[in-house]
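Results of the structural survey
The lines below spell out each chain.
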Amino acid sequence: MRERRPRLLVTLLALAATAALTAGPLPKLPADRVLPQWGDSPGQVTFSHRNHVDEAAPDCLACHSGVFSLLGRTGSRTDSGIRHAAMERGRQCGACHDGTRASGLEDCAHCHVEK
Ligand code: HEC
Ligand code: HEC
Ligand code: HEC
């Protein structure tokens with residue numbers, strides 16, 4: 001798996017460069033992703049690239065791959081998953097959702113949609 005990373009990074013940089021050069025609509029962003037639920041999660045969380053990427057100034061590197069793997073595995077069942085213990089330490093979604101850079105973790109319904 002490890003040798004795939006440079007190629008992914010090149011693809012990512014190419015996407016960002018293309019978008020910056022054309023200043024037109026971005027190439028298709030990944031589809032919204034319903035994150036797998038853990039423990040007593042109060043409801044599904046859907047991550048939306050569309051709501052996190054400014055098309056005029058796309059900053060993919062704000063998250064990839066320091067905060068989230070480009071392989072899309074951080075929130076999957078095959079990796080450690082997204083947990084509040086990590087978020088409260090300023091990792092994963094908590095890298096921004098700390099009440100300063102973005103809304104904090106106390107408004108559950110901001111992210112969790114109750115069934
Ligand atoms: C605010 C953080 C954030 C930003 C900014 C961001 N992503 Fe992501 N990206 C995520 C998350 C969260 C996932 C879900 C992956 C996971 O569980 O690790 C993901 C997954 C992906 C995946 C894997 C495919 C998938 O559907 O899971 C690709 C490819 C990707 N992002 C590309 C991009 C590109 C290109 C940009 C810039 C235009 C971008 N991302 C900007 C957070 C971000
Ligand atoms: C690079 C910083 C960053 C990261 C990392 C990040 N967000 Fe956000 N997010 C923002 C900003 C900025 C906003 C818009 C302002 C606000 O809601 O505070 C936002 C808005 C949102 C919203 C409201 C808009 C919408 O999508 O409906 C949700 C829900 C959300 N984020 C969920 C998440 C989840 C879940 C994760 C982790 C998988 C995550 N965010 C990671 C910066 C980030
Ligand atoms: C910034 C987005 C965000 C906010 C706000 C948020 N969560 Fe979460 N939470 C997540 C994500 C992403 C997951 C992982 C997916 C899942 O398990 O549903 C998660 C998982 C959980 C889990 C199960 C895993 C764990 O870490 O224990 C619980 C319990 C939970 N959240 C409770 C809450 C409560 C209670 C609140 C409000 C006080 C809250 N969450 C606010 C994003 C958020």
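Calculation notes
- Residues numbered from 1 in each chain as written.
- Chains lettered and ligands numbered in written order.
- Predicted model: local features only at pLDDT ≥ 70, side-chain atom pairs only at ≥ 80, totals over all residues.
- Heavy atoms only, no water.
- Helix = DSSP H or I, 4+ residues; strand = E, 2+ residues; numbered from the N terminus.
- Buried < 20%, exposed > 50% of the residue type's maximum accessible area, 1.4 Å probe, protein only.
- Contact = heavy atoms within 4.5 Å.
- Areas by Shrake-Rupley, 256 points an atom, 1.4 Å probe, with all protein chains shown as cover.
- Donors = N, O, S within 2.8 Å, 3.2 Å for Na, K, Ca; no water.
- Tetrahedral: all angles 85-135°; square planar, octahedral: opposite > 155°, others 65-115°.
- Near = heavy atom within 4 Å.
- Polar contact = N/O pair within 3.5 Å; in protein donor to acceptor, adjacent residues only side chain to side chain.
- Nonpolar A, V, L, I, M, F, W, Y, C, P; charged D, E, K, R; others polar.

1. Some points on the overall build of the protein chain
Helix and strand counts for the protein chain stand at 3 helices and 3 strands. Within the protein chain, the fraction of its 115 residues that count as buried is 23%. Taking the intrachain contacts of the protein chain between residues at least 6 apart in sequence as the baseline, contacts between residues at least 24 apart amount to 51%. Working note: accessible area of the protein chain is about 8200 Å², and carbon and sulfur atoms make up 57% of it.

2. Here we look at the coordination of the iron atom of ligand 2
Around the iron atom of ligand 2, the donor atoms from the protein are His52 (NE2) and His97 (NE2), and they sit 2.0 Å away. Given 6 donor atoms and angles of 88 to 179° at the metal, the environment of the iron atom of ligand 2 is assigned as octahedral. Taken as a pair, His52 in the loop between strand S2 (44-47) and helix H2 (84-87) and His97 in the loop between H2 and helix H3 (108-111) lie far apart in primary sequence, 45 residues in all.

3. Observations concerning the side chain of Thr74
Secondary-structure assignment places Thr74 in the loop between S2 and H2. Beyond its immediate sequence surroundings of up to four residues, Thr74 is in contact with Phe68, Ser69, Asp79, Ser80, Gly81, Ile82 and Gln92.

4. With respect to the coordination of the iron atom of ligand 3
The protein atoms donating to the iron atom of ligand 3 are His84 (NE2) and His112 (NE2), with metal-donor distances spanning 1.9 to 2.0 Å. Overall, the relative accessible area of 35% leaves His84 in the partly exposed class.

5. Comments concerning the site of ligand 1
Around ligand 1 lies a shell of 20 residues, among which Arg33, His49, Cys60, Cys63 and His64 are the nearest. Arg73 places a main-chain nitrogen or oxygen 3.4 Å from an oxygen atom of ligand 1. When grouped by side-chain class, the residues that make up the shell around ligand 1 number 10 nonpolar, 7 polar and 3 charged.

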